[in-house]
Amino acid sequence: MCAAVVSEDPAKTVKNLCRHIVQAIETLSPNREFITIGLSGGSLIKQLSDELPNHKQKLDAHIPKLRFLFCDERFVPLDHDDCTYYGFLKNNFFKNLNIPPENVFPIKADAENVGKCAADYESKMKNLLNSNKGFDILLLGIGPDGHTCSLFPGHKSFIDGSNSQSLVIPVCDSPKPPPQRVTLTLPYINNSSYLFFCAVGENKASMLKKILEDKDLSLPSANVRPASGEGVLKWFIDQAASKDLKI
Ligand SMILES: O=C1O[C@H](COP(=O)(O)O)[C@@H](O)[C@H](O)[C@H]1O
């Protein structure tokens, strides 16, 4: 049995994901000065930007506590379409939710090189978190090859990064363009409290079978699981993406 919430279509899947995000925030909020949320790139951010503002009424009271960080970013000029933060989130997601800019911590790809960019982001995270503790809520996607964040199957970022003490590492030769990226490492991802994956569409179906049923550990996304017994891992998928599963 996999911990998957299957919804009829992509819109209902993202609605369910957003309900769980709000519930997690409501659970954490009473005892927290702030709540950290890690955002992925790719299709998930567009889906979240469309749906999360519909939950604003419940979210509004908690907005001042939310701190948004990033799971990965492409090392491209800030005005490039591939740049997750400046390309889309800044003018859509954060604007629609009225998130104060000082509560958003983008990976700024304006350092002299990708290694420096990763090191700068790690120190920014450590300053904010005051520890190596993972994020409270991590919102993850998967690629059709089973990658998550910028951790790719068989790639150095995944293999070396899995034994790394670093929280953030550079990727210099990503198999998916653009080649230079910055990503959280797998051990750091697994230190998070709520790990929510979202995957919709038939092109993710065979990969979901490999991850959730075959437990194919050559796939980075199949290695994501909370290190702490209290952590939560949930998959939000639609019927098309679940078509090869036995559930
Ligand atoms: O390149 C990336 O791809 C994955 C998956 O994106 P999708 O568009 O296939 O949903 C994403 O989770 C990751 O953050 C991003 O850098």
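Residues numbered from 1 in each chain as written. Predicted model: local features only at pLDDT ≥ 70, side-chain atom pairs only at ≥ 80, totals over all residues. Heavy atoms only, no water.

*Asks:* Looking at this model, I keep getting lost on the sheet that holds strand E6 (residues 168-171). Mind explaining?
*Replies:* Either a parallel or an antiparallel arrangement is found when strands of a sheet pair, and the pairing is made through backbone hydrogen bonds. Here we have three strands laid out as an open sheet, ordered E4-E7-E6, and antiparallel in their pairing. Both edges of this open sheet fall to strand E4 (72-74) and E6, since each of them pairs with a single strand only. Ignoring strand direction, the axes of neighbouring strands in this sheet form an average angle of 15 degrees. Pairing of E6 with strand E7 (residues 181-184) involves four bridges; the strand directions are antiparallel. Note on E7: the bridge partner recorded for Ile169 is Thr183. (Pairing = 2+ DSSP bridges. Helix = DSSP H or I, 4+ residues; strand = E, 2+ residues; numbered from the N terminus. Axes fitted to C-alpha atoms, helices over the stretch in contact; angles between N-to-C directions.)

*Asks:* Just checking my understanding: could you explain the pattern of salt bridges for this structure?
*Replies:* This model, assessed by the stated rule, comprises 14 salt bridges. A salt bridge links Lys15 to Glu51; the nearest nitrogen and oxygen atoms lie 3.9 Å apart. Highlighted residues: Lys15 in helix H1 (residues 10-28) and Glu51 in helix H2 (residues 43-51), separated in sequence by 36 residues. Judged by relative accessible area, Lys15 falls into the partly exposed class, the value being 34%. Glu213 is paired through a salt bridge with Lys246; the nearest N and O atoms lie 3.8 Å apart. Of this pair, Glu213 sits in helix H9 (residues 205-213) while Lys246 sits in the segment after strand E9 (232-238), placing them 33 residues apart in sequence. Overlapping salt bridges, with partners in common, bring together Arg32, Lys133 and Asp136 in one network. (Salt bridge = Lys/Arg side-chain N within 4 Å of Asp/Glu carboxyl O. Buried < 20%, exposed > 50% of the residue type's maximum accessible area, 1.4 Å probe, protein only.)

Spatial relationships are all this shows, so hold off on functional conclusions.
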